[in-house]
Amino acid sequence: EEYLDKIFRMFQEFVEMVQIIDSFEVADVQFLLNNEFYKYCDKPFFPVFAGLFLNALLKRLFQNQDKISIDLELFNSRIINNASSNVDMRARGPSDDNKIGYSLDFIGYLLPKDKVLKIRGTIGDYCGALMGENSTIILHGKHGKYFGYEKDPTAKIIVNAQ
């Protein structure tokens, strides 16, 4: 609970920062994921900060869209490729199929009511935490710890759907 309280304050700062950015589309966010995010993977707390920033971008897009799809596969492969030269990233690597330590955390955190987020690729911890009423996450990939943590009872999580 204390951790999520701290995260909420950080997330709110990212949300406020994203509000001042000129308009953008899902394709712009995907370009950022594919071409820029991975370059900072060796920075402290990268999965949390980058995940919160991405989630703030998605929250803004959800103001005008009901369904968003993002693909993390290229991002994930670049992180794994960079990990071979980074001791800290190897230490954070997955220890089994259910524990992911290298991807973005907090994707789908506070997912707004009645919204759908489709994700292809591996996601980190707290994906879908505190999802809103009747919201849905469709995941084609693996996830970290606390998946769907304290989501609304009407919120849905679908994993590896076709």
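Thresholds, definitions, all that
Residues numbered from 1 in each chain as written. Predicted model: local features only at pLDDT ≥ 70, side-chain atom pairs only at ≥ 80, totals over all residues. Heavy atoms only, no water. Phe/Tyr/Trp six-rings, centres within 6.5 Å; stacked < 30°, edge-to-face > 60°. Buried < 20%, exposed > 50% of the residue type's maximum accessible area, 1.4 Å probe, protein only. Core = buried A, V, L, I, M, F, W, Y, C linked by side-chain atoms within 4.5 Å. Helix = DSSP H or I, 4+ residues; strand = E, 2+ residues; numbered from the N terminus. Contact = heavy atoms within 4.5 Å. Salt bridge = Lys/Arg side-chain N within 4 Å of Asp/Glu carboxyl O.

Draft legend 1. Region of interest: the packing of aromatic side chains. In this structure the tally under the stated criterion is 12 aromatic pairs. Note on Phe106 and Tyr109: the rings are 5.4 Å apart at their centroids and 80° apart in plane angle, and the pair reads as edge-to-face. Take Tyr109: its relative accessible area is 2%, and that puts it in the buried class. With centroids separated by 6.3 Å and ring planes inclined at 85°, the aromatic side chains of Tyr146 and Tyr149 adopt a geometry described as edge-to-face. Residue classification places Tyr149 among the partly exposed residues on the basis of a relative accessible area of 23%. Grouped by ring-pair contacts, the aromatic residues Tyr3, Phe11, Phe106, Tyr109, Tyr126, Tyr146 and Tyr149 constitute a single cluster.

Draft legend 2. Region of the structure containing the nonpolar core. In terms of nonpolar packing, the biggest core is built from 44 residues, with Leu54, Ile70, Leu104, Leu117 and Ile119 touching the most fellow members. Examining the composition of this core, we find that 9 residues originate from one element, helix α3 (residues 46-61), more than from any other. Setting aside residues no more than four positions away along its own chain, Leu117 makes contact with Leu58, Phe62, Ile68, Ile70, Ile107, Gly108, Leu111, Thr136, Ile137 and Ile138.

Draft legend 3. Seen up close, the pattern of salt bridges. Applying the stated criterion across every chain, the model contains 3 salt bridges. Here Glu36 and Lys39 are joined by a salt bridge, their closest N and O atoms 3.3 Å apart. On the basis of relative accessible area, Lys39 is assigned to the partly exposed category, the value being 44%. Among the ionic pairs, Asp66 bridges to Lys115, the shortest N-O distance being 2.8 Å. Remark: Lys115 occurs in the loop between α5 (87-91) and β2 (116-120) and Asp66 occurs in the loop between α3 and β1 (67-71); sequence separation between them is 49 residues. What makes Asp66 exposed here is its relative accessible area of 52%.

Everything listed is a geometric property; what it means functionally is a separate question.
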